[in-house]
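A closer look at the structure
As a plain string of letters, each chain reads:
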Amino acid sequence: MSDKPPRPVLVTGASGALGRQLARHFGTLGWAVRLTDIAPFPDPVPAGSTFTAADLNDGVAILRLAEGCCMIIHLGGVSVERPFEEVLGPNIRGLYHIYEAARRERARVLFASSNHAIGFHERSEKLDNDCQLLPDGYYGLSKAYGEMMGRLYWYKHGVESVLVRIGSCFPEPTDERMLSTWLSYGDFCRLCERATLAERSGCCTIWGCSNNAASFWRDDARAVIGWQPQDSADGHANRVRGKVSGNPVQERYQGGPYVPMDYTRTAPPPGPLFPR
Ligand code: NAI
Ligand code: 15L
């Protein structure tokens, strides 16, 4: 297996927190990368890469950017809970533009999904990757839609997708919940590398978290792309243990702080949504 992709890789959301990490990582690997974002790229553009500003709402611009690419790493869009109208353009229409471009180029997509697509699962549950989608807001709903988009394009057009349900990808865990959800920058970059180089991915779903003893998540398709996390939140336990919100709704569910946003229930739900 080659250690370089056969054609350029397109990275959206390149000016964001994860995009900047990945741009640097791919730069050190010497890959040919097209970086794009609606915001300017704040760092020196790595050798071998180019940066082009574009709005995900602009389907023609996305088609042009993807021309000749073998892989689209799609990190761009609204990345936190926002009102529906703000999420709609980048995350719903924009994602359609990404998948149409992938279909035309026969490119694989890595879709940066989120734990907020399943945020209403209780923290006491240990989830496999085929669990019910239970979004905890409009942002999480857009990520659930993104995963469904990946499946649609796989079954209908044979477009491959690596759907990564990212937990909390930050320099280090900052509260107790992140002992379960943390993904190190290094593990994230290596995941993107493996997703690009794997001979085949089909349409697979992977939990984007490091090797955390307190993980909420269990089985997934990481073996399909040959990725294993190397880092762990465990070494941060002493520092963040006990850092909790005090909000019972927030602490009950995996989605944490996004769950109580705009939450109007006065009593907890009576039981599981999908009783067996
Ligand atoms: P970020 O907010 O730092 O980066 C997102 C980028 O998308 C920004 O640079 C922004 O300018 C760009 N963008 C927004 N609207 C756009 C538009 N209309 N056209 C083009 N570009 C647009 O987010 P971050 O943390 O880097 O996350 C990257 C991806 O990973 C996002 O899709 C996010 O939802 C997902 N993710 C991140 C997690 C984390 O812990 N950082 C956890 C779960 C998912
Ligand atoms: C996400 O999906 C967000 O992009 C990120 O900013 C964090 O809020 C993360 O989830 C999380 O749940 O910690």
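So, a few notes on the structure that sits alongside this text. (Residues numbered from 1 in each chain as written. Chains lettered and ligands numbered in written order. Predicted model: local features only at pLDDT ≥ 70, side-chain atom pairs only at ≥ 80, totals over all residues. Heavy atoms only, no water.)

Side note on the site of ligand 1
The cut-off we apply is this: Near is defined per residue: the residue qualifies when any heavy atom it owns lies within 4 Å of the molecule or strand. By the criterion applied in these results, polar contacts are pairs of N or O atoms within 3.5 Å in which, for protein atoms, one can donate a hydrogen and the other can accept it, and in which residues neighboring in sequence qualify only through two side-chain atoms. Each accessible area is a Shrake-Rupley estimate made with a 1.4 Å probe; only the visible protein chains count as cover when residues are assessed. Comment: elements are numbered from the N terminus, with helices defined as DSSP H or I runs of at least four residues and strands as E runs of at least two. In this count, Pro and Cys sit with the nonpolar residues alongside Ala, Val, Leu, Ile, Met, Phe, Trp and Tyr, while Asp, Glu, Lys and Arg are called charged and the others, Gly among them, polar.
Of all residues adjacent to ligand 1, which total 26 residues, the nearest are L18, D37, S79, Y139 and C169. I38 places a polar main-chain atom, nitrogen or oxygen, 3.3 Å from a nitrogen atom of ligand 1. K143 places a polar side-chain atom, nitrogen or oxygen, 3.0 Å from an oxygen atom of ligand 1. Here ligand 1 has 820 Å² of accessible area as a free molecule, and 85% of this is covered by the chains. Residue contributions to the shell around ligand 1 peak at 3 residues, all from strand 5 (residues 108-114). A class-by-class count of the residues in the shell around ligand 1 yields 13 nonpolar, 10 polar and 3 charged.

Here we look at empty space enclosed by the protein
What counts is decided by this rule: The distinction between a cavity and a pocket rests on a 1 Å grid over the protein atoms alone: a 1.4 Å probe fits inside a cavity but cannot get out, while a pocket stays open yet meets protein on both sides within 12 Å along at least five of seven lines, and a residue with an atom within 4 Å of a point counts as lining. Grid points are joined across faces, edges and corners, and a volume is the space filled by probe spheres set on the points.
With the rule as written, the count across this model stands at 1 cavity of 30 Å³ or more. For the largest cavity, the calculated volume is near 50 Å³. Lining the largest cavity we find H74, G76, P90, N91, L95, F111, S142 and K143. When contributions to the lining of the largest cavity are tallied by element, the ones reaching two or more residues are helix 3 (84-105) and helix 4 (138-157). With 3 residues, helix 3 is the largest single contributor of residues to the lining of the largest cavity. Along the lines of polarity and charge, the residues of the lining of the largest cavity split into 3 nonpolar, 4 polar and 1 charged.

Brief notes about the site of ligand 2
As a matter of local geometry, ligand 2 sits amid S79, S114, N115, H116, Y139, G167, S168, F170, R177 and Y258. One of the side-chain N or O atoms of Y139 is found 2.7 Å from an oxygen atom in ligand 2. Interatomic distance of 2.7 Å between a side-chain N/O atom of Y258 and an oxygen atom of ligand 2. Isolated, ligand 2 exposes 310 Å² of accessible area, and the fraction of that covered by the protein chains is 81%.

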